[in-house]
Each structure stands twice: as structure tokens, then as C-alpha cells.
Amino acid sequence: MPQLSLYLKDKTLESVRARAVAAKIPVSQVVRLAVETYLATEEKKAARGRVLSFLEGKPLGGKKAWQALHKERTGADDCRS
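This structure is a prediction, so every number in the text was calculated from the model and none was measured.

**Topic: the overall build of the protein**
Then, number 1: Along the backbone of the protein there are three helices and zero strands.
Then, number 2: Helices and strands appear in the protein in the N-to-C order α-α-α.
Then, number 3: Classification of the 81 residues of the protein by burial places 7% in the buried group.
Then, number 4: Of the roughly 7,400 Å² of accessible surface on the protein, 58% is carried by carbon and sulfur atoms.

**Some details on the packing of helix H1 (residues 10–23) against helix H2 (residues 27–55)**
Between two packed helices, what matters for the description is the angle formed by their axes and the separation of those axes.
Then, number 1: One way to put it is that H1 packs onto H2 with a least axis distance of 8 Å and a crossing angle of 110°. Relative to H2, the element H1 lies roughly perpendicular. Contacts between H1 and H2 involve Val16, Arg17, Arg19 and Ala20 from the first element and Val27, Val30 and Val31 from the second.
Then, number 2: A per-class count over the contact of H1 with H2 returns five nonpolar, no polar and two charged.

**Describing the layout of surface pockets**
Then, number 1: Its volume calculated, the largest pocket comes out at about 300 Å³.
Then, number 2: Around the largest pocket sit Met1, Pro2, Gln3, Leu4, Leu6, Ser28, Val31, Arg32, Val35 and Glu36, which together line it.
Then, number 3: For the lining of the largest pocket, the class distribution of residues is six nonpolar, two polar and two charged.
Then, number 4: In this model, the second largest pocket occupies a volume close to 210 Å³.
Then, number 5: For the second largest pocket, the lining is made up of 13 residues, of which Val16, Arg19, Val30, Val31 and Ala34 are closest to its centre.
Then, number 6: For the lining of the second largest pocket, the secondary-structure elements that each account for two or more residues are H1 and H2.

**Focus: the confidence of the model for the protein**
Then, number 1: Per-residue pLDDT for the protein has a mean of 85; in total, 86% of the residues score no lower than 70.
Then, number 2: Of all the helices and strands in the protein, helix H3 (residues 62–79) carries the lowest mean pLDDT, 78, while H1 carries the highest, 96.

**What about H2?**
Because an α-helix completes one turn every 3.6 residues, residues spaced three or four positions apart along the sequence face the same direction.
Then, number 1: Relative to the 42 Å expected for 29 residues at 1.5 Å per residue, H2 spans 42 Å between its end C-alpha atoms, a close match to the ideal helical length.
Then, number 2: Those residues of H2 not exposed but buried are Val30, Leu52 and Leu55.

**Thoughts on unusual backbone geometry**
Then, number 1: The backbone of Lys24 sits at a positive phi, close to 55°, despite the residue not being glycine.
Then, number 2: Examined against the element boundaries, Lys24 turns out to sit in the loop between H1 and H2.
Then, number 3: For Lys24, a relative accessible area of 77% gives the class exposed.

How each quantity is defined
Residues numbered from 1 in each chain as written. Predicted model: local features only at pLDDT ≥ 70, side-chain atom pairs only at ≥ 80, totals over all residues. Heavy atoms only, no water. Helix = DSSP H or I, 4+ residues; strand = E, 2+ residues; numbered from the N terminus. Buried < 20%, exposed > 50% of the residue type's maximum accessible area, 1.4 Å probe, protein only. Areas by Shrake-Rupley, 256 points an atom, 1.4 Å probe, with all protein chains shown as cover. Axes fitted to C-alpha atoms, helices over the stretch in contact; angles between N-to-C directions. Parallel < 35°, antiparallel > 145°, perpendicular 65-115°, else oblique. Contact = heavy atoms within 4.5 Å. Nonpolar A, V, L, I, M, F, W, Y, C, P; charged D, E, K, R; others polar. 1 Å grid on protein atoms, 1.4 Å probe; cavity = no way out; pocket = protein on both sides within 12 Å on 5 of 7 lines; lining within 4 Å. Points joined across faces, edges and corners; volume = space filled by probe spheres on them. pLDDT = per-residue confidence, 0-100. Expected span 1.5 Å × (residues − 1).

This is the structure we're talking about:
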């Protein structure tokens, strides 16, 4: 794998090291997993944006209706725990 150098604030580095010790994995793996998770999250946001733009003006009520429904369902799911 290619190598990469980066600079972290002291507090961030301490957190990364603590997570690595707790998970018994190298610091590099913690950083790699964090980057991969961030990128996956961004990809999901982009995909959600594409779906919402498709729903604009559609019979389902468009983006605002979807967001209201999503908020309602998320709240209902939180109450089930």
C-alpha cells in the first residue's frame, strides 16, 4: 500500500492512539478506517441527493414531503427502543 504522511492535532492523535490500543490494531488502520467511513458517508449523501432530486415534482410529494416523512419515521423508530 502507498504511504501517506499527515499532521494531526495533539488531541486528535491521542484519541486515535487510544482507539488503536482499545481495538488492538495499528494507528494506521484506525486512520484508514476513518477515511473509508468518511468517504462512504459522502457517497451516501451524494446518492441521497440524487434520489431526492429525482423525487422533485413527482407524485410522491417531492423533496420536502420526503424529508417530513423521513423525520416522522426516524422519530417513530427512536421511540421503539
